[in-house]
Every structure is written in C-alpha cells, then in structure tokens.
Amino acid sequence: MKNAYVVYCSPAGSTGHVARVIVDELASRSVAVTEFDLGAGQDPAPLVKQLAAAGEADCLFVGSPVYRNLAVPPVMDFINSLQATKGCRAVPFITWGAASSGVALWQMGHAFSDKAYPIVGAAKVLGLHSLMWYSDDPVGKGHPDAADDAMVRGLVGDVIARMADGKALDLAVLDYQRGGQRRGKEDDRPAWTNIPKSVDADKCTACGACVPVCPVGAVSLDPTPVFGPSCIGCFNCLRECPEAAIVSGMPLEKLEAMIRGRVATLNETPPTQIFG
Ligand SMILES: Cc1cc2nc3c(=O)[nH]c(=O)nc-3n(C[C@H](O)[C@H](O)[C@H](O)COP(=O)(O)O)c2cc1C
Ligand code: SF4
Ligand code: SF4
C-alpha cells in the first residue's frame, strides 16, 4: 500500500479511537497517511478531489458509529460524494454500542461498491454506548479496549496482504445480519428522526459551549441554542452543556431501558469482528 486515507465521524470518540489505531499501524508500516475527521467542520471536497486520482496501491478507510442500525449521514454523504476511482481500494469500519451493529457495514460496503471501490477489508468494533455516558455501568464499558485495538491492527496487516494479492472481499460477508435487523437496500436512507431536545431557558447562560461540540454544525445561538435540520441526534451538545440546560425529549432512564432491552434480546456476537 502506497497512500492511505482514514476518514471518520466520531461524535463521542470511539470511532476516532479506532481511526487513530489504524493511522498508527499504517504509519508503522511506512504507509503515507492522510487523516480526516468529518465532524471537525472542514470541507471534505478537496479530499474527494484528491481521492479521484488515487489508484490501485491506495486505500481509503472510512469509519462510522452505528446509529439506529445505520451509518451516520455525514459518512454516507461522504461516500456518496466520491468521484470515479482509478482503482483505489476501500475499507469500511464501524463502532457500535452492543445493541445492534445493524446494517451499517453492509450499507457502507454497497455505497463503496456503487462507486466501484473494491472492498479489501472491514471491521466492526465494540464501543461504549454513547447514549449512556452518564451511567456508572454503561453498555460497552471500557471499549474499544486493548484486545479490540490488536484486532484492528491485524485488519491493517490483512488489508495490506489482500492488496498485494490483488483480491477483493466478497460483499456478501458484510450481510451478516438477518431477520428483523436486516433492511432492504431501498431503505438505506430513511428520513433521519432524532429524539427531540429542548433548552431550559432558566438554566442556559448562552455560553456557546454547545456550538463547537456539534459534529455537523447544527447548533446556533439565538440567544439560546437552536438546533438545525442537519442534527444527527448524537447528544454531544446535551452532554457537554455545563448547566445541564439541554433536555432530552425522551427521559434518559427510558432510553437506557430500551438500549439495555435491545442488548439483552439481540445478543449479537462477536462484539468485535474483522472481515478480511
Ligand atoms: C443516536 C444514537 C443511536 C445509536 N444507535 C445504536 C444502534 O442502533 N446500535 C448500537 O449498537 N449502538 C448504537 N449507538 C451507540 C453507538 O453506535 C456507539 O456508542 C458508537 O461507538 C459511538 O461512536 P463514537 O464514539 O465514535 O461517536 C447509538 C448512539 C447514538 C448517539
Ligand atoms: S452549553 Fe448549555 S448553557 Fe451554554 S449555550 Fe449551550 S445550552 Fe446554554
Ligand atoms: S445538535 Fe446536538 S444532538 Fe444534534 S448533531 Fe449537534 S451536537 Fe449532536
């Protein structure tokens, strides 16, 4: 592998952690790496242009958290914005919160395939459930951990070997979810419905701390926060507010009970898996 690009969205940090492990492993193998955080407010258009010139010795890693079984919109928008490739390879990776990894990998893999990017590996990595940050015993506690990191480093080795062999991964391996968790391809982009949030005007000091933590630039002050239509429901603004002035429309206890119920019922294994 000559050049690698590691692109991700990570509101709560787990996907970014995996991305950094990938970057570190690639760098240790003397691969030139470009890292791009889709949630940092920079326009990805110059990177998309650069990728149009990437060839068979180059590889694009793209990471997303799983939200309601799917990859998040900034990640899908990025993949869907890619131009015709000169043979660049692709590796989708996801972090999930132990409820269900859904069809996010499958969805990303097919979006890459639509752009004629051959898939040369993929990973599903268990992460702390980002809607349970306040809990002493959150689902996915401690993940990604050292064992997860070691598996991710192994993915990088597998990908380099696969590229040297000129082989691609069969997309069918990403279709590992069955029954109720599976969705048809036509359902890739459902209307994105978020848990509504409100602002307690008595608590809000209009300090603006909730503005820069939004990965999609959806918060503006007027003079208290207003949430725009691009909101993906990550709850960064809510958890970072120093006054606890942003309130979830669904009580957090109810949300937690729902998540724990899904964890118990779905019991998806293995928690971390490398497809290579
Ligand atoms: C709105 C929302 C929806 C989520 N939906 C799921 C889900 O369907 N299945 C799951 O296992 N985890 C789900 N999670 C948990 C995240 O996938 C998990 O915590 C992930 O590691 C977060 O990545 P990040 O730390 O990079 O933001 C959800 C989290 C949020 C905020
Ligand atoms: S971080 Fe909290 S207190 Fe500050 S502007 Fe946002 S909602 Fe108001
Ligand atoms: S407005 Fe809040 S919940 Fe919505 S994407 Fe931004 S930080 Fe996340």
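Q: Which residues make up the layout of surface pockets, and what are the values?
A: Of the volumes computed, that of the largest pocket is approximately 600 Å³. Of all the secondary structure elements, the ones that give two or more residues to the lining of the largest pocket are α1 (14–28), β3 (59–67), β5 (89–96) and α7 (252–266). The element that contributes the greatest number of residues to the lining of the largest pocket is α7, accounting for 4 residues. The residue makeup of the lining of the largest pocket, split by class, is 16 nonpolar, 14 polar and 3 charged. For the lining of the largest pocket, the domains that each give at least three residues are domain 1 (3–181 + 268–275) and domain 2 (197–249). Of the pockets and cavities examined, the second largest pocket occupies roughly 190 Å³. When contributions to the lining of the second largest pocket are tallied by element, the ones reaching two or more residues are α2 (45–51) and α3 (73–80). A per-element tally of the lining of the second largest pocket places α3 first, with 3 residues. Grouping the amino acids of the lining of the second largest pocket by side-chain chemistry returns 7 nonpolar, 3 polar and 2 charged.

Q: Explain the nonpolar core residue by residue, including any values.
A: Core analysis: the biggest nonpolar cluster contains 59 residues, and Leu51, Leu60, Val62, Phe78, Ile79 and Phe112 have the highest contact counts within it. Here the element with the most residues in this core is helix α4 (residues 104–114); it accounts for 6 residues. Apart from the residues within four sequence positions on either side, leucine 51 is in contact with Tyr5, Leu60, Phe78, Leu82 and Tyr117. Counting residues in each nonpolar core, the second largest holds 22 residues, with Ala4, Val18, Ile22 and Val91 among its members.

Q: Requested: an account of the pairing of strand β2 (residues 32–37), with residues and values cited.
A: For a regular strand, side chains alternate in direction, first toward one face of the sheet and then toward the other. Across 6 bridges, strand β1 (residues 3–8) lies against β2 in parallel orientation. Within β2, the position partnered with asparagine 3 by the bridge is alanine 32. This β-α-β element, β1 to α1 to β2, shows right-handed connectivity.

Q: Describe the domain arrangement of the protein chain, naming the residues involved and giving the relevant values.
A: Where the parts come together, the accessible area they lose is often given as the size of the interface. Domain assignment breaks the protein chain into domain 1 (3–181 + 268–275) and domain 2 (197–249). With centres defined by C-alpha atoms, the gap from domain 1 to domain 2 works out at 28 Å. Taken together, the contact between domain 1 and domain 2 spans 11 residues of the former and 9 residues of the latter. For the domain 1 and domain 2 pair, buried surface summed over both sides reaches about 850 Å², with 66% attributable to carbon and sulfur atoms. Of all residues in domain 1, Pro11, Tyr67 and Trp133 give up the largest surface area on contact with domain 2, accounting jointly for 51% of the area buried on that side. Applying the counting rule to domain 1 against domain 2 returns 0 salt bridges. For the side of domain 1 that touches domain 2, the class distribution of residues is 9 nonpolar, 2 polar and no charged.

Rules used throughout
Residues numbered from 1 in each chain as written. Chains lettered and ligands numbered in written order. Predicted model: local features only at pLDDT ≥ 70, side-chain atom pairs only at ≥ 80, totals over all residues. Heavy atoms only, no water. 1 Å grid on protein atoms, 1.4 Å probe; cavity = no way out; pocket = protein on both sides within 12 Å on 5 of 7 lines; lining within 4 Å. Points joined across faces, edges and corners; volume = space filled by probe spheres on them. Helix = DSSP H or I, 4+ residues; strand = E, 2+ residues; numbered from the N terminus. Nonpolar A, V, L, I, M, F, W, Y, C, P; charged D, E, K, R; others polar. Domains from an automatic or database assignment. Core = buried A, V, L, I, M, F, W, Y, C linked by side-chain atoms within 4.5 Å. Buried < 20%, exposed > 50% of the residue type's maximum accessible area, 1.4 Å probe, protein only. Contact = heavy atoms within 4.5 Å. Pairing = 2+ DSSP bridges. Right-handed = clockwise from strand over helix to strand, strands pointing away. Buried area = accessible area lost by both parts, 1.4 Å probe. Salt bridge = Lys/Arg side-chain N within 4 Å of Asp/Glu carboxyl O.

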